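Close look at the chain arrangement
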Amino acid sequence: MEQDVRLQTLLAATARKDQQAFARLYDLTSANLFAAALRILKKDAAAQDALQDAFVQIWHRAVDFNSSKGSPMAWMATIVRYRALDILRKQKKLQPMDDIDLSLVDTELGPMGKLLESDMARLIWECLQELNDKQRNTILLAFYEGLTHDELSERTTTPLGTIKTWIRRGLQSVKGCLER
Amino acid sequence: MNYQDHELRQALAAEYVLGTLHGRARQRFERLLEQDARLRQVVSSWEQKLGPLNEGLKPVEVPEEVWNKVQKRLGHGQDQKLKVGLFTSIWNSLLLWRSLTVVATLVLAFAVYLNLFAPKLVVNQYIAVIQDSQQQASWLAKTDLNNNQIVIHVLNEQTLPLGKAFELWMLPDGGSAPISMGLISPSDNKTLILSQAIVTKLANAKGLAVSLEPDGGSPTGAPTGPVLYSGGLQSL
């Protein structure tokens, strides 16, 4: 909560083009956001590019942020993820699938992770626990690794139609749970 | 595809945020987003829902050059150049900068570590909304146990009779006598220092209460006037 308030203040100052606040914002969040980009892209150089692009966007788009849009960290993470997904899609066009390291997603959070969680994060993890293991893993694989339906199907040796159903129903039920 | 269908809009937005909407479908969806403000709201609500999943990731140290590139692209950090003067040669010394960079990176990593983890790693914090008998919130109490303090924010100004004081008490577990935490103001935020005795009992305390006392506080060390406000403690 305190961290959220601090980041909100820094984002608001960034929106007013305060370079020092922006630098501080970077200091506080870049290591976490880099982890999200790395998770999707696997490669250091590509993840660095995604992070760089994302922070340029954050500088320009800070005015768009308001706290009703959720936590500042989640907002920034979304920008990083979309950039990482864009880069990933471009990469995949250039290289065959099996060049990409598809290590298993660690659905158990590390102890550090648990401590970082905000109320919202705790809530979504609780809601994910309501899904069955396969549904949950499929959604987490998609989120953290940026896998497509086809890749998920191949990866989990599950028919494509089943994957699509798991994701659709899984997301619906997470939404229902979060809105309860 | 009928993009006006409610179910479909929800599903597409969800998969856009999740990342499984890809290729042409993703591009098409992004074009649609530019024109459709309501669809942007649906996406934004999914971003809020799924975004927190990123918080659990273990941070990874970012190479220094990323920040330098960001600054360069935005044209920031130009003022550093102005400092080049009498000490030009030292200033331009690669060794100096290399060592400073190493030190700065370490300091930064440590600072980030402290900022992100230390408060929650070391202690829980507690908050209490202190209400009157009509459930009207009067103060918000929030501990800062890193500094053995509790900060009292005024939510609604109260009227304090002349010659009286509001005294804040902790109600320990097991029905033992309330422990005074100090006097609080009806109209101004206040920070109170907590004794070690209070800090150790906080985790099991039943809550906080405010009583009306003579000016200067209770003369006996126990509440002497009526308890007008109270609130349960919640750990953060």
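If you're wondering where the values come from, they're calculated on a predicted model, not measured in any experiment.

If you tally the helices and strands in chain A, you get nine helices and zero strands. Along its sequence from the N terminus, chain A presents helices and strands in the succession α-α-α-α-α-α-α-α-α. Counting the 180 residues in chain A, one finds 41% classified as buried. Taking the intrachain contacts of chain A between residues at least 6 apart in sequence as the baseline, contacts between residues at least 24 apart amount to 68%.

Moving on to helix H1 (residues 2-15) of chain A. Residues and elements named next belong to chain A. Along its 14 residues, H1 runs 20 Å from first to last C-alpha, staying within 8% of the 20 Å computed at 1.5 Å per residue. Within H1, burial applies to Leu7, Leu10, Leu11 and Thr14. Seen end-on, H1 carries its buried residues on one side only, within an arc spanning 100°. Once H1 finishes, Lys17 follows within two positions and takes phi at roughly 65°, a positive value.

Residues and elements named next belong to chain A. At a minimum axis distance of 8 Å, the contact between H1 and helix H2 (residues 19-41) shows a crossing angle of 140°. One element, H1, and the other, H2, form an angle in the oblique class. Crossing hand, H1 versus H2: left-handed. Packed against H1, whose contacting residues are Leu7, Leu10, Leu11, Ala13 and Thr14, the element H2 presents Ala21, Phe22, Arg24, Leu25, Leu28 and Thr29 at the interface.

Rules used in this analysis
Residues numbered from 1 in each chain as written. Chains lettered and ligands numbered in written order. Predicted model: local features only at pLDDT ≥ 70, side-chain atom pairs only at ≥ 80, totals over all residues. Helix = DSSP H or I, 4+ residues; strand = E, 2+ residues; numbered from the N terminus. Buried ≥ 20, exposed ≤ 12 C-beta atoms within 10 Å, placed from the backbone. Contact = placed C-beta atoms within 7 Å. Expected span 1.5 Å × (residues − 1). Arc of directions from axis to C-beta. Axes fitted to C-alpha atoms, helices over the stretch in contact; angles between N-to-C directions. Parallel < 35°, antiparallel > 145°, perpendicular 65-115°, else oblique. Left-handed = near helix turned anticlockwise from the far one by under 90°.

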